[in-house]
Amino acid sequence: MAAEYTIAAVAAPVAVVALELAVLRTGLLRTARYWLTVAISLAFMVPVDGWLTRPDATVVHYAEEQISGVRAPWHIPVEDYGFGLALITLTLLLWQRQRPAADGEARDA
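Because the structure is a prediction, the values reported are computed rather than measured.

**Some words on helix H2 (residues 32-52)**
Note on helix geometry: an α-helix contains 3.6 residues per turn, so any two residues three or four positions apart are oriented the same way.
Part 1 of the argument: Helix length check: H2, at 21 residues, gives a terminal C-alpha distance of 30 Å against a target of 30 Å (1.5 Å per residue), a fit within 8%.
Part 2 of the argument: Of all bends in H2, the biggest is about 25°, found at Val46, and the proline Pro47 comes one to four residues later.
Part 3 of the argument: Listed in full, the buried residues belonging to H2 are Tyr34, Val38, Met45, Val46, Asp49 and Gly50.

**Here we look at the packing of aromatic side chains**
Part 1 of the argument: Throughout the structure, instances matching the rule amount to three aromatic pairs.
Part 2 of the argument: Residues Tyr34 and Trp35 carry aromatic rings whose centres are separated by 4.7 Å and whose planes lie at 75° to one another, so their mutual orientation is edge-to-face.
Part 3 of the argument: Every member of this aromatic cluster is reached through a ring pair, and the members are Tyr5, Tyr62 and Phe83.

**Comments concerning the pattern of salt bridges**
Part 1 of the argument: Throughout the structure, instances matching the rule amount to two salt bridges.
Part 2 of the argument: In this structure, the salt-bridge partner of Asp56 is Arg54, at a minimum N-O distance of 3.4 Å.
Part 3 of the argument: Taking relative accessible area as the criterion, Asp56 reaches 67% and is therefore assigned exposed.
Part 4 of the argument: Residue class for Arg54 comes out partly exposed when judged on its relative accessible area of 21%.
Part 5 of the argument: Where Arg71 meets Glu64, a salt bridge forms, and the shortest distance between an N and an O atom there is 2.7 Å.
Part 6 of the argument: Judged by its relative accessible area of 46%, Glu64 is partly exposed.

**Structural notes on the nonpolar core**
Part 1 of the argument: Of all hydrophobic cores here, the largest spans nine residues; its members are Val16, Leu24, Leu28, Leu29, Tyr34, Val38, Ala86, Ile88 and Leu93.
Part 2 of the argument: Among the secondary structure elements, those contributing two or more residues to this core are helix H1 (4-24), H2 and helix H3 (79-98).
Part 3 of the argument: Per element, the largest residue contribution to this core is three residues, and it comes from H3.
Part 4 of the argument: When near neighbours in sequence (up to four residues on either side) are disregarded, Ala86 contacts Ala12, Pro13 and Val16.

**What to know about the environment of Gly50**
Part 1 of the argument: With respect to the helices, strands and loops of the structure, Gly50 is situated in helix H2.
Part 2 of the argument: Once you skip the residues sitting within four places of it in the chain, Gly50 turns out to touch Met45, Trp74 and Ile76.

**Quick look at a nonpolar patch on the surface**
Part 1 of the argument: A grouping of Leu36, Ile40 and Phe44 is seen on the molecular surface, where their side chains present a nonpolar patch of about 340 Å² in accessible area.
Part 2 of the argument: Along the polypeptide, Leu36 turns up in helix H2.

**Some words on the packing of H1 against H3**
Part 1 of the argument: Contact geometry of H1 with H3 gives a least axis separation of 8 Å together with a crossing angle of 20°. With respect to H3, the axis of H1 lies roughly parallel. Seen from above, H1 lies across H3 with left-handed handedness. Residue-level inspection shows Tyr5, Thr6, Ala8, Ala9, Ala12, Pro13, Val16, Leu19, Glu20, Val23 and Leu24 of H1 in contact with H3, the latter providing Glu79, Asp80, Gly82, Phe83, Leu85, Ala86, Thr89, Leu90, Leu93, Leu94 and Arg97.
Part 2 of the argument: Partitioned by chemical class, the residues of the contact of H1 with H3 number 15 nonpolar, three polar and four charged.

So, how was this worked out
Note that residues are indexed from 1 along each chain, following the sequence as it is written. At least 70 in pLDDT is required for a residue's local features to be given in this predicted model, at least 80 for side-chain atom pairs to be given and counted, and no such filter applies to totals for whole chains, interfaces and linings, which use all residues. Each side-chain value is derived from all of the structure's non-hydrogen atoms; neither hydrogens nor water enter the calculation. Working definition: helices are DSSP H or I runs of at least four residues, strands are E runs of at least two. Numbering for both runs from the N terminus. One less than the residue count of a helix, multiplied by 1.5 Å, gives the span that helix is expected to have. For a residue, the bend is simply the angle between two axes, fitted respectively to the seven-residue segment ending there and the seven-residue segment starting there. The rule is simple: take the accessible area with a 1.4 Å probe, protein chains only, and divide by the maximum for that residue type; under 20% is buried, over 50% is exposed, in between is partly exposed. Pairing of aromatic side chains requires ring centres within 6.5 Å, counting the rings of Phe and Tyr and the six-membered ring of Trp. Pairs whose planes differ by under 30 degrees are stacked, by over 60 edge-to-face, and all others tilted. The term salt bridge refers to a pairing of a side-chain nitrogen on Lys or Arg with a carboxyl oxygen on Asp or Glu at a separation within 4 Å. As used here, the term nonpolar core means buried Ala, Val, Leu, Ile, Met, Phe, Trp, Tyr and Cys residues forming a set that is joined through side-chain atoms within 4.5 Å. Two residues qualify as a contact provided that any one of their heavy atoms is within 4.5 Å of a heavy atom in the partner residue. Two joining distances apply to patches: 9 Å for like charges and 5 Å for nonpolar side chains (Val, Leu, Ile, Met, Phe, Trp, Tyr), and every residue must have over 30% relative accessible area and no salt bridge. Under the convention used here, a 1.4 Å probe and the Shrake-Rupley method define accessible areas, while residue burial counts only the protein chains that appear. Comment: axis = line fitted to C-alpha atoms, over the contacting stretch for helices; angle = value between 0 and 180 degrees taken between N-to-C directions. The scheme is simple: roughly parallel for angles under 35 degrees, roughly antiparallel for over 145, roughly perpendicular for 65 to 115, oblique for anything else. In this scheme, a crossing is called left-handed if the near helix is turned counterclockwise away from the far one by less than a right angle; it is called right-handed if the turn is clockwise. By the convention adopted, Pro, Cys, Tyr, Trp, Phe, Met, Ile, Leu, Val and Ala count as nonpolar, Lys, Arg, Asp and Glu as charged, and the other residues, Gly among them, as polar.

Next up, the structure:
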């Protein structure tokens, strides 16, 4: 049986990047600011997610048959990073897309 959470965690970022390349075309993925934002967001995600998934007092439980079983660092399922990346990226893309074009800045700046 396929691990549904794993499949969705791979499909989500792929779908968001496809949306950017085919529809939104903001150019955001080519900017250093985007990658810095992703790095900062994921850096904050690690301690929070690590605390939520710690084995001694787990707050968030996963159906083990639905994930790959790979956890890093600490006890964080790697699938969480795919969903985190997709959520951060989609939010920023939609925010960038709705900005008025006449605000004096290029959309991909």
